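Understanding the architecture of this molecule
What follows is the residue order along each chain.
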Amino acid sequence: MVEKFITLETSVVPLPVENVDTDQIIPARFLKATTREGFGENLFRDWRYDANNLPVASFVLNNPNYSGKILVAGKNFGSGSSREHAAWAIFDYGFRAVVSSFFADIFKNNALNNGLLPVQVSPEFLTKIFAEVEKDPETKIRIDLEQQEITLLSTCEKELFDINPYKKACLLNGYDDIDYLLSIREEIEAYEITNEVN
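What counts, and at which threshold
Numbering of residues starts from 1 in every chain and runs along the sequence as written. Totals for whole chains, interfaces and linings use all residues, but because this is a predicted model, local features are given only for residues with pLDDT of at least 70 and pairs of side-chain atoms are given and counted only at 80 or more. With hydrogens and water excluded, all non-hydrogen atoms of the structure serve as input to the side-chain values. Each residue is assigned to one of three classes by its accessible area relative to the maximum for its type, calculated with a 1.4 Å probe on protein chains only: buried under 20%, partly exposed between the two thresholds, exposed over 50%. Secondary structure follows DSSP: runs of H or I at least 4 residues long count as helices, runs of E at least 2 residues long count as strands, and numbering of each begins at the N terminus. When DSSP locates at least two bridges between a pair of strands, those strands are taken to pair. What makes a nonpolar core is a set of buried Ala, Val, Leu, Ile, Met, Phe, Trp, Tyr and Cys residues whose side-chain atoms join them at distances within 4.5 Å. Contacts: residue pairs with any heavy atoms within 4.5 Å of one another. What counts as a salt bridge is simple: a side-chain nitrogen of Lys or Arg found within 4 Å of a carboxyl oxygen of Asp or Glu.

1. Thoughts on the pairing of strand β2 (residues 70-73)
Burial along β2 is two-sided: the residues Ile70 and Val72 and Leu71 and Ala73 are all buried. In the sheet, strand β1 (residues 7-15) pairs with β2 via 4 bridges, with the strands oriented parallel. Bridge pairing in β2 places Leu15 opposite Ala73. Pairing of β2 with strand β3 (residues 97-100) involves 3 bridges; the strand directions are parallel. Pairing of Leu71 across the sheet is with Val98, part of β3.

2. Digging into the nonpolar core
For soluble globular proteins, the rule of thumb is that nonpolar side chains tend to be buried together. In terms of nonpolar packing, the biggest core is built from 26 residues, with Ile25, Phe44, Phe77, Ile90 and Phe107 touching the most fellow members. Here this core gets 5 residues from one element, more than from any other, and that element is helix α3 (residues 85-93). What Phe77 contacts, discounting residues up to four positions off in sequence, is Val20, Ile25, Phe44, Leu71, Ile90, Val98, Ser100, Phe102, Phe103, Ala104 and Phe107. Counting residues in each nonpolar core, the second largest holds 25 residues, with Ala97, Val121, Phe125 and Ile150 among its members.

3. Notes on the environment of Phe161
The topology assignment puts Phe161 in the loop between β7 (157-160) and α6 (165-173). With relative accessibility at 2%, the residue Phe161 sits in the buried group. Considering only alpha carbons, one finds Phe161 and Gln147, 14 residues apart in sequence, at a separation of 9.0 Å. The contacts of Phe161, once residues within four sequence positions are left out, are Leu117, Val119, Gln120, Ile143, Asp144, Leu145, Gln148, Glu149 and Ile150.

4. Structural notes on the side chain of Thr22
Residue position: Thr22 is located in helix α1 (residues 22-25). For Thr22, a relative accessible area of 2% corresponds to the buried category. Setting aside its immediate chain neighbours within four residues, Thr22 contacts Gly78, Ser79, Gly80, Ser81, Arg83 and Ala86.

5. Describing unusual backbone geometry
Across residues other than glycine, the phi torsion is negative in most instances, and most of the peptide bonds are trans. A positive phi is found at Asn53, a non-glycine position, where the angle reads about 65 degrees. Classification of Asn53 by relative accessible area gives partly exposed; the value is 45%. Even without a glycine there, the phi angle at Asn76 is positive, about 65 degrees. Within the element layout of this structure, Asn76 appears in the loop between β2 and α3.

6. Some thoughts on the pattern of salt bridges
Throughout the structure, instances matching the rule amount to 8 salt bridges. A salt bridge links Arg142 to Glu9; the nearest nitrogen and oxygen atoms lie 3.6 Å apart. A residue pair is termed long-range when its members are at least 10 positions apart, and Arg142 in strand β5 (residues 140-144) and Glu9 in strand β1 qualify at 133 residues. Taking relative accessible area as the criterion, Glu9 reaches 47% and is therefore assigned partly exposed. Across the pair Asp46 and Arg29 runs a salt bridge, and its minimum N-O distance is 2.5 Å. Of this pair, Asp46 sits in helix α2 (residues 45-48) while Arg29 is found in the loop between α1 and α2, placing the two residues 17 residues apart along the sequence. Look at Asp46 and you get partly exposed, because its relative accessible area is 45%. Relative accessible area serves as the criterion here: at 48%, Arg29 is assigned to the partly exposed category. Here the residues in one salt-bridge network are Glu9, Arg142 and Asp144, joined through shared partners.

Here it is as structure tokens:
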């Protein structure tokens with residue numbers, strides 16, 4: 001079981017950079033571990049720290065003005081290799097959703113498989129989010145998974161977003177693939193009995 005995702009209302013961390021690839025999200029040298037824990041400390045490692053391992057003050061994750069469980073990123077987020085560790089790192093850091101105007105398909109699937117909700121919005125809506133957060137770092141967003149709706153609370157503007165119905169059911173119930181199969185075990189058994197008779 002993973003944490004259920006029903007609604008999320010929080011301030012956001014803005015990363016207005018396009019074409020962020022998985023090697024920037026979690027550099028290859030940190031991929032040795034095989035469990036999901038601990039990757040958050042190396043999220044955006046080469047952007048967060050300089051060559052002397054000191055925090056880069058200008059990078060948003062080192063800016064105390066920004067916090068929250070939603071990462072808002074530029075277009076084409078998660079491109080590059082298929083490493084699942086990128087989704088692990090974002091989730092382990094504490095984010096529960098990523099908002100962008102476009103996601104690489106493999107990253108999107110990896111995120112959904114690991115309890116991280118990718119919310120794809122229009123370029124216009126993304127621009128509005130960045131503008132509002134620039135004006136006020138405490139700007140909040142509300143994501144309603146059941147209604148598939150994202151709301152910029154400072155302006156009350158909303159957009160609907162798409163999600164695979166199966167992945168939506170898994171997130172709402174806190175299921176991974178195995179949990180889902182167990183949840184419909186009786187239906188599977190009934191189907192098997194019916195087919196045996198026929």
